[in-house]
Amino acid sequence: MKHGFIKVAAGTPKIQIANCPVNTGLIIDEIKKMEKAGAKIMVLPELCISGFECRDLFWQERLLKECLDSLKAVADSTADVDALIFVGLPVEAGGKLFNCAAALNHGKVLGLIPKTHIPNYNEFYEGRYFSKGNDEAETIELFGEEVPFGTDIIFSCAQMPHLKVAAEICEDLWVPDPPSVSHALAGATIIVNPSASDEMTGKAEYRSALVNNQSARLICGYIYASAGDGESTTDLVFSGHNLICENGITLKESKRFENEMIYTEIDVDRLVSERRRMSTFPVQSPDWYTVVSFDLNVEDTELTRNFDPQPFVPSDKYAYEKRCDEILNMQAFGLKKRLEHTHCTNAVVGISGGLDSTLALLVTARAFDLAGIERNKITAITMPCFGTTDKTYNNACTLSKCLGAQLREVDIKKSVSLHFSDIGHDPENHNVTYENAQARERTQVLMDIANESGGLVIGTGDLSELALGWATYNGDHMSMYAVNCSVPKTLVRHLVRYYADTCGDKTLSNILIDVLNTPVSPELLPPKDGVISQKTEELVGPYELHDFFLYYMLRMCYEPDKIYRIAKKAFKGTYDDEFILGWLKSFYRRFFSQQFKRSCLPDGPKVGSVAVSPRGDLRMPSDACADIWLKQLESL
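Quick caveat, the model's predicted, so the values are computed rather than measured.

### Some remarks on the side chain of asparagine 395
Turning to its location among the elements, asparagine 395 is positioned in helix α8 (residues 390-402). What asparagine 395 contacts, discounting residues up to four positions off in sequence, is Ile511, Asp514, Val515 and Thr518.

Here you go:
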């Protein structure tokens, strides 16, 4: 439960239709399996005590009494189970029969949620047996106690205030206005769905999309437990298709036809944070909802869900290729619009032979193609100085020629040396002045040549550098349009790799691969024996760590100790805990101290959900104090 994680499970026992005593034992066994997995919210299928396919047997008094006896037996047998448990059964109330989900906690029935939408079409004739449940909860007597009965019930955890659970049943999800919409607006962060959805060709994909999309629309966790092959009879087949989703992400999905129990953790605090920041999500607290408190022991939830060490890069090959092409197009179309609006037919790109300038040149070439402008209107400028190596210089020149840009060389050694003389700086002192003077001279050259040609200076700096402040103020920090400004370094690498794999030009592909194999460096310090001496990641830390930190800080709004916890899991076997913690502290220090650079960034295309534009994405004060974030890290 620490950091807002709650372990949940969906399971499908292989029941026998209408054999309540046997089903009771199977249900209890399934609950014990979930308990062993550490689950605190457990969901079993619709009508699983009786079996969904009982049909006219639902009219038999013998069956209904056995169902209640079985519910009592399940409750008694789980008195020591620390969980909120949902199990399905038919319940008679007010002379009518209802398809219900019973919520159990520590041996007590906390509430009964009747199905709202009763199908009466195709293979389903539930309207023959069951009545529509009321929204507003009443009470019915059950086992000598008054129990809430109705759709609008929220179960709220006393020990974890953000954990609020509500239920809908099977068909309720498939209608235009599911009860879960009202539940979420009333504050429910997790929706459970005990279901009995039969199988037909193609239905599984539709079902998966439906559950996933509902979790996204409602910014909630969604636990879907469906009937399995024990239910299969007469004309219908059930597969036990269980799903656990969180805000549009499928965390776990069972193998069909295996009655598989699945479990994972839902990040409740993340859901609350997402709702908090989305002004169009009108969370309300309708006074007609019945709120029922339940208890869970406070424990440190063991994390079994995976955290991708590269959250900006899709792991699926098809999604990866599609995403890379999409991002390159977004960057290029943004630049194309700026060229058209300013009536520019020229662009100036500083090309160093490094990753960022390579991507910027690739994007500029694509934008010129889209705008119908000849690529020879692109001026690629290499500006060798004290730290330039033959490797990067040659790659820059060859790349420019391969792409059809004009290559221009401006050696800035003399001008920088003169500048050192003007300001009285000793050129043997390789401090920040020594480095930044070169970066600012390069920017001045680019700006002036752009003015001379009536063109635009295309910025090369990426999102990771902006987050760390790894940019020279009014040097590479500045441009007329920054095509890489919302692309993190880990993604820059993959975009260049994608271009190398798909360009169809062997010479260009080889150059791009060589660029990928070159250490990231600003090349502002003299090389040693002709080799790059200044390696960025040795100075500021691994970019894959910083991009991970950045994503979970800005996109998820995680606290530092939570980021540290999941980073240890994501990078286990790659970096040790002390190494991760050290660079996480460095990240927070740099991020806060360098906001002044981000407060005056040039325009650039937003390509993802994490960006630092001061015009909407990151409205952060330049002088904000990092103490409370660092204090938490120091306490670890």
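### Some points on helix α1 (residues 20-36)
In this model, α1 (17 residues) spans 24 Å end to end at C-alpha, consistent with the 24 Å of a helix rising 1.5 Å per residue. Here α1 has its buried residues at Cys20, Asn23, Thr24, Ile27, Ile28, Glu30, Ile31 and Met34. Looking straight down α1, one finds its buried side chains confined to an arc of 160°; they lie on one side. Set apart from the buried face of α1 by more than 90 degrees, the exposed residues are Pro21 and Lys36. The inward-facing, buried residues of α1 abut β1 (5-10), β2 (41-43), α2 (61-77) and β3 (84-93).

### Some remarks on the packing of α1 against α2
Where α1 meets α2, the axes come as close as 9 Å, and the angle between the chain directions of the two elements is 25°. In this view, α1 runs roughly parallel relative to α2, as classed from their interaxial angle. Seen from above, α1 lies across α2 with right-handed handedness. Here Cys20, Pro21, Thr24, Ile27, Ile28, Ile31 and Lys32 of α1 come into contact with α2, specifically with Leu63, Glu66, Cys67, Ser70, Ala73, Val74 and Ser77. Partitioned by chemical class, the residues of the contact of α1 with α2 number 9 nonpolar, 3 polar and 2 charged.

### Some details on the environment of aspartate 82
Tracing the backbone through its elements, the reader meets aspartate 82 in the loop between α2 and β3. If sequence neighbours within four positions are ignored, aspartate 82 has contacts with Ala39, Lys40, His106, Asp295, Leu296, Asn297 and Glu299. Only 2.7 Å separates the side chain of aspartate 82 from the side chain of lysine 40, close enough to count as a polar contact. Among the polar contacts listed, one links the side chain of aspartate 82 to the side chain of histidine 106, at a separation of 3.0 Å.

### Considering the environment of leucine 47
Its place among the elements puts leucine 47 in the loop between β2 and α2. In this structure the C-alpha to C-alpha distance between leucine 47 and alanine 101, which are 54 residues apart in sequence, comes to 7.8 Å. In this structure leucine 47 touches Phe52, Phe58, Gly88, Leu89, Pro90, Asn99, Phe130 and Glu231, once residues within four positions along its chain are discounted.

Cut-offs and rules
Residues numbered from 1 in each chain as written. Predicted model: local features only at pLDDT ≥ 70, side-chain atom pairs only at ≥ 80, totals over all residues. Heavy atoms only, no water. Helix = DSSP H or I, 4+ residues; strand = E, 2+ residues; numbered from the N terminus. Contact = heavy atoms within 4.5 Å. Expected span 1.5 Å × (residues − 1). Buried < 20%, exposed > 50% of the residue type's maximum accessible area, 1.4 Å probe, protein only. Arc of directions from axis to C-beta. Axes fitted to C-alpha atoms, helices over the stretch in contact; angles between N-to-C directions. Parallel < 35°, antiparallel > 145°, perpendicular 65-115°, else oblique. Left-handed = near helix turned anticlockwise from the far one by under 90°. Nonpolar A, V, L, I, M, F, W, Y, C, P; charged D, E, K, R; others polar. Polar contact = N/O pair within 3.5 Å; in protein donor to acceptor, adjacent residues only side chain to side chain.

Treat this as a map of the structure, not an account of what it does.
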